[in-house]
Structures are given as structure tokens and as C-alpha cells.
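Listed here are the chains, written in short residue letters.
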Amino acid sequence: MIRTTLLKHRSISVTDFRCTAGPGAKPFAEQFECHSVSYVRKGSFGCQSRGRSFELVTGSVLVGFPGDEYVCTHEHICGDECLSFFLESELVETIGSRREAWQVGAAPPLPELMVLGELAQAAADGRSDIGLDEIGYLFASRFVDAISDRARKSVDVTARDRRRAVETAAWIEAHSHLPIDLDAAAGQAGVSPFHFLRLFSKVLGVTPHQYLVRSRLRQAARLLIEEEIAITDIAYDVGFGDLSNFVRTFHRAAGVSPGAFREASRGTAKAKRKILQAGSALN
């Protein structure tokens, strides 16, 4: 595990985690020292906490609660990368210390968190003029709002189903720019479409189509930040067949238009204020 501290302020710190563990690695128990939200930007891993098991894939969020023990595993795919925000209790109280939200263990890939996760990663890499502390506050606040009504229940699925869901999620992520329907994804998993829909939703907390759309949004956010590509071209490049649908979907997720998101990532004062204000208006 490679840990790199990117920011350390009184109320918030940010760490980049890069894990190369695979199926043969021996898992061990760790403990959360404070509240935290960790955005999975690459790979996947399993986590056991509070008697529940979770599978986290690209776009998921690992949620830490002070004093809770957790064990991470890599039974299906080797390695993962996470951008983690550690929050002091005073900041958590300001954001909204809803205990049930901070004890969910993990959050599924949600569009409003995935696009902000990509903006946070851009800030961490020096590709955006938004402050890493600013985007950290917004990410944590958006998480609390998004997850409050989505508390995840423990799921009863087999290890084989977990592996199928995680491996197919990775396949969807890699091919999200292509037309993918339920039959194609189920064929990749080797089960019937109906069974695949049920197992994927149970394991990851989202349907295959939701994950596909959110993967496209994540890729679009990255391209808006990194490339000078026309928004129309980005929409089609990531897999949206209709520009207006892309704009509506992206606006619902980010709270701002793709153009305003691009401007905010580059530090335009007006656009920056707009995306920060949008965070408090969503949900």
C-alpha cells in the first residue's frame, strides 16, 4: 500500500492510496480513526465492517466512522486506487452529523459523487484550480445529502455472485463508450439477464444500466477537465447517443452544465462559485 498525504489542514486532510494487493494477499483488520469518505477512482475491493460485507468498484465510496474496525479484501481484481478525505468532528457537525449516514460502510456509485470525485482527483493532480480542501468539503456534504435516504442493507449473495458482479462492473467500465444492454452484460457474466440484474443490484447497490450511465458521466467529467474537446464530441465519445440527454443527465449529477463544470475546474471565479453553490442546492 502506497500512501501519499496530499493535504493536511486542521479540519480536513486528504490522502492518496494505491494498493497492489491481489487475491493471495492476507487481509488484516484496521480501524477508522475519524470520519472519512474515500472515492474509489480505479479498481475494486471488498470490505467487511459492522458485520456487513460490501463490494466497492470504480465510483463507489468507502465510508469511515471513528472507532469502527474494517477488513479490506481483493478476491476478484488486483489493486485499487482511492482518494480519501479525513474529516475532524467539528467539520462533520457543520456538514450535518447524521450518525446513520456515517455508519453505512459504503456508498454505491452515485452520479453526483462520481463527477465530484473526478473533479477532486483533478485538483489532487494539479489539473484544476479548485482548492482540494474546497472540493473535499463539497464531496463530504454531497455524500451526506445523497446517502441519508439510501442506507444500504446487508445482502445475502454467494461469493460467486459477488465475483460476477465485480468483474462485470469492470467490463462495463472499460466498454462504457460502446452500446451495452442487459443481455450483453449478462452474457459477460454468464447468467440469464433476470438473474444478472438481481445479483448486480444486490451486490453493488445500482442496476447495470445505472452503472453504465454513471461510468459515462465519470469519463465525461474527466474529459471536460483534461481535454479541449467540444462538449458535443465528449457526449458521443463517452457513449451518449444524444447531446441533450447528456447535458440533462450531467446537470442532474453535477448541479451545473458541462460547460460550467469545465470552467469551474479551471478556476473561473464565477463558475467556481456556481458549482460550490450547486452542492448545497442538490438533493
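Here the structure is shown first, and the text comes after it.
Residues numbered from 1 in each chain as written. Predicted model: local features only at pLDDT ≥ 70, side-chain atom pairs only at ≥ 80, totals over all residues. Heavy atoms only, no water.

**Digging into the environment of serine 215**
Okay, so step 1: Mapped onto the elements, serine 215 comes out in helix α8 (residues 208-226).
Okay, so step 2: Look at serine 215 and you get buried, because its relative accessible area is 0%.
Okay, so step 3: Residues serine 215 and valine 238, spaced 23 residues apart in sequence, show a C-alpha to C-alpha distance of 8.7 Å.
Okay, so step 4: Excluding anything up to four places from it in sequence, serine 215 contacts Met114, Glu173 and Ser176. (Helix = DSSP H or I, 4+ residues; strand = E, 2+ residues; numbered from the N terminus. Buried < 20%, exposed > 50% of the residue type's maximum accessible area, 1.4 Å probe, protein only. Contact = heavy atoms within 4.5 Å.)

**Points about the environment of glycine 46**
Okay, so step 1: With respect to the element layout, glycine 46 can be found in strand β5 (residues 45-49).
Okay, so step 2: Relative accessible area serves as the criterion here: at 4%, glycine 46 is assigned to the buried category.
Okay, so step 3: Filtering out sequence-adjacent residues up to four positions away, glycine 46 remains in contact with Phe54, Glu55, Val71, Cys72 and Thr73.

**A closer look at the pairing of strand β4 (residues 35-43)**
Okay, so step 1: A large share of β4 lies buried, amounting to seven of its nine residues.
Okay, so step 2: With eight bridges connecting them, β4 and strand β9 (residues 80-87) associate as antiparallel partners. By the bridge assignment for β9, glycine 43 is matched with aspartate 80.
Okay, so step 3: Where β4 lies against strand β7 (residues 61-64), four bridges are found, and the strand directions are antiparallel. Opposite serine 38, over in β7, you have leucine 62 as the bridge partner. (Pairing = 2+ DSSP bridges.)

**Brief notes about the pairing of strand β1 (residues 2-8)**
Looking down a regular strand, the side chains alternate between one sheet face and the other.
Okay, so step 1: Where β1 meets strand β2 (residues 12-19), six bridges bridge the pair, whose relative direction is antiparallel. Bridge pairing in β2 places leucine 7 opposite valine 14.
Okay, so step 2: With antiparallel pairing between neighbouring strands as the criterion, β1 and β2 make up a hairpin whose turn holds three residues.

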